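Spelled out from the first residue to the last, the chains are:
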Amino acid sequence: MDGLERFSLAGRRALVAGGAAGLGFEIARALAGAGAEVLVNGRDSGRLEAAVMRLGAAGLPARACRFDITDDAARSVALAGMGRRLDILVNAVGQRDRRALDGMEDAAVRALVETDLTAAILLARDAVRLMEAGGYGRIIHITSIAGGMARPGDTVYPVAKAGLSGLTRALAVEYGGRGITSNAIAPGFFATETNRAMVDDPEVAAFLRLRVPAGRWGRPEEVAGAAVFLASPAAGYVNGQIIAVDGGMTVRM
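Residues numbered from 1 in each chain as written. Predicted model: local features only at pLDDT ≥ 70, side-chain atom pairs only at ≥ 80, totals over all residues. Heavy atoms only, no water.

Quick look at the nonpolar core
Move 1: With 34 residues, the main nonpolar core has Leu31, Val38, Val40, Val90 and Ile185 as its most contacted residues.
Move 2: Listed by contribution, the elements that provide at least two residues to this core are β1 (13–17), α1 (22–33), β2 (37–42), α2 (45–57), β4 (88–91), β5 (137–142) and α8 (224–231).
Move 3: Broken down by element, this core gets its largest block of residues, six residues, from α1.
Move 4: The next biggest cluster of nonpolar side chains, apart from the first, holds 26 residues, and it includes Ala17, Ala78, Met82 and Ile139. (Core = buried A, V, L, I, M, F, W, Y, C linked by side-chain atoms within 4.5 Å. Buried < 20%, exposed > 50% of the residue type's maximum accessible area, 1.4 Å probe, protein only. Helix = DSSP H or I, 4+ residues; strand = E, 2+ residues; numbered from the N terminus.)

So, the packing of aromatic side chains
Move 1: One pass over the structure, following the stated rule, counts three aromatic pairs.
Move 2: Here the aromatic rings of phenylalanine 7 and phenylalanine 229 are separated by 6.3 Å at their centres, their planes lie at 40°, and the arrangement is tilted. A residue pair is termed long-range when its members are at least 10 positions apart, and phenylalanine 7 in the segment before β1 and phenylalanine 229 in helix α8 qualify at 222 residues.
Move 3: In this structure phenylalanine 7 comes out as partly exposed when scored by relative accessible area, which is 33%.
Move 4: Taken together, a centroid distance of 5.6 Å and an interplanar angle of 70° make the contact between phenylalanine 189 and tryptophan 217 edge-to-face. Of this pair, phenylalanine 189 sits in the loop between β6 (180–187) and α6 (196–199) while tryptophan 217 sits in the loop between α7 (202–211) and α8, and the two are 28 residues apart along the sequence.
Move 5: Ring-pair connections join several aromatic residues into one group, and the members of that group are Phe189, Phe207 and Trp217. (Phe/Tyr/Trp six-rings, centres within 6.5 Å; stacked < 30°, edge-to-face > 60°.)

Quick word on the pattern of salt bridges
Move 1: Here the structure, examined in full by the defined rule, presents 17 salt bridges.
Move 2: Note that arginine 85 is salt-bridged to aspartate 87, the shortest N-O span being 3.8 Å.
Move 3: Among the charged side chains, a salt-bridge network with shared partners connects Arg12, Arg13, Glu37, Arg63, Arg85 and Asp87. (Salt bridge = Lys/Arg side-chain N within 4 Å of Asp/Glu carboxyl O.)

Let's talk about α2
Move 1: End to end, α2 covers 18 Å across 13 residues, agreeing with the expected 18 Å (1.5 Å per residue, within 8%).
Move 2: Listed in full, the buried residues belonging to α2 are Leu48, Ala51, Val52 and Leu55. Considered in projection along α2, the buried side chains sweep an arc of 95° and stay on one side of the axis. Within α2, the exposed residues directed more than 90 degrees away from the buried face are Met53 and Ala57.
Move 3: Where α2 is buried, its residues meet α1, β2 and β3 (62–66).
Move 4: By the N-cap criterion, in which a side-chain oxygen at the helix start approaches the backbone nitrogen of a residue two or three places on, α2 is capped by aspartate 44, the distance to glycine 46 being 2.9 Å.
Move 5: Downstream of α2 by one or two residues, glycine 59 has phi in the positive range, about 80°. (Expected span 1.5 Å × (residues − 1). Arc of directions from axis to C-beta. Contact = heavy atoms within 4.5 Å. Polar contact = N/O pair within 3.5 Å; in protein donor to acceptor, adjacent residues only side chain to side chain.)

Re the packing of helix α3 (residues 72–80) against helix α4 (residues 106–134)
Move 1: One can describe the packing of α3 onto α4 by two numbers: an axis separation of 11 Å at closest approach and a directional angle of 20°. One element, α3, and the other, α4, form an angle in the roughly parallel class. Crossing hand, α3 versus α4: right-handed. In contact with Asp72, Arg75, Ser76 and Leu79 of α3, α4 contributes Leu122, Leu123, Arg125, Asp126, Ala127 and Leu130.
Move 2: Per-class residue counts for the contact of α3 with α4 are five nonpolar, one polar and four charged. (Axes fitted to C-alpha atoms, helices over the stretch in contact; angles between N-to-C directions. Parallel < 35°, antiparallel > 145°, perpendicular 65-115°, else oblique. Left-handed = near helix turned anticlockwise from the far one by under 90°. Nonpolar A, V, L, I, M, F, W, Y, C, P; charged D, E, K, R; others polar.)

Describing the packing of α1 against α8
Move 1: Remark: α1 packs on α8, axes separated minimally by 9 Å, with the N-to-C direction vectors making an angle of 50°. With respect to α8, the element α1 is oriented oblique. Seen along the crossing, α1 lies across α8 with a hand that is right-handed. Judged by residue contacts, Glu26, Ile27, Ala30 and Leu31 of α1 engage Ala224, Ala227, Val228 and Ala231 from α8.
Move 2: For the contact of α1 with α8, a count of residues per class yields seven nonpolar, no polar and one charged.

Brief notes about the pairing of β2
Move 1: Counting buried positions along β2 yields five of six residues, so the element is predominantly enclosed.
Move 2: Crossover connection from β1 via α1 to parallel β2: handedness right-handed.
Move 3: Pairing of β2 with β3, which is carried by five bridges, proceeds in the parallel orientation. Residue pairing in the sheet places valine 40 in a bridge with alanine 64 of β3. (Right-handed = clockwise from strand over helix to strand, strands pointing away. Pairing = 2+ DSSP bridges.)

As structure tokens, this is what we get:
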């Protein structure tokens, strides 16, 4: 296997959790473009079907795989329906709650950790069982540069993302000898639907020009290349790594 063939995902099946919008959608599009059979996961039927139609219109066949990753029974049924075939798991699900800890209710804290960390642990566990049967496995978590940083008024999200980075390393050690790698992508500031209000805020734009060497928001499609690489045979010896895709923000003093 030479050259670009090492980045081909032809014949591979990928599940992109949270793939109906934002960074997850761009990753689903890129994996399909590299030849993978892509299962797009989400909770909202309308958004999910719209995402699959967008991919189909671009000549990238994909299938909807609707379930809530925090629902144990639904998750188990969905993965059982895949038979014994899953090669790539991308966990791009993420709940956002920008509040200080003393302003968050107990239920809100638990919900954020459940969605952003606990569900990812259980989804990875179930996916590994399918990957082992096929002898090829790539687990890719979409964490955040917030997992290694903190700022006032935003407490629980960085905690959950730091846990996701820890999960990435733990899975790498646990399953690396079985042909399954585990890595993560830590995005910086990306102009997604979720961040629309911030994208339009001139103060945030000024902050990015000052703090990010690239001087701008990231475009959602700019995260996808890292995902294709980590999912491909080219990254077979990359394991336990957190790759920041942040325009250089985390290396600037």
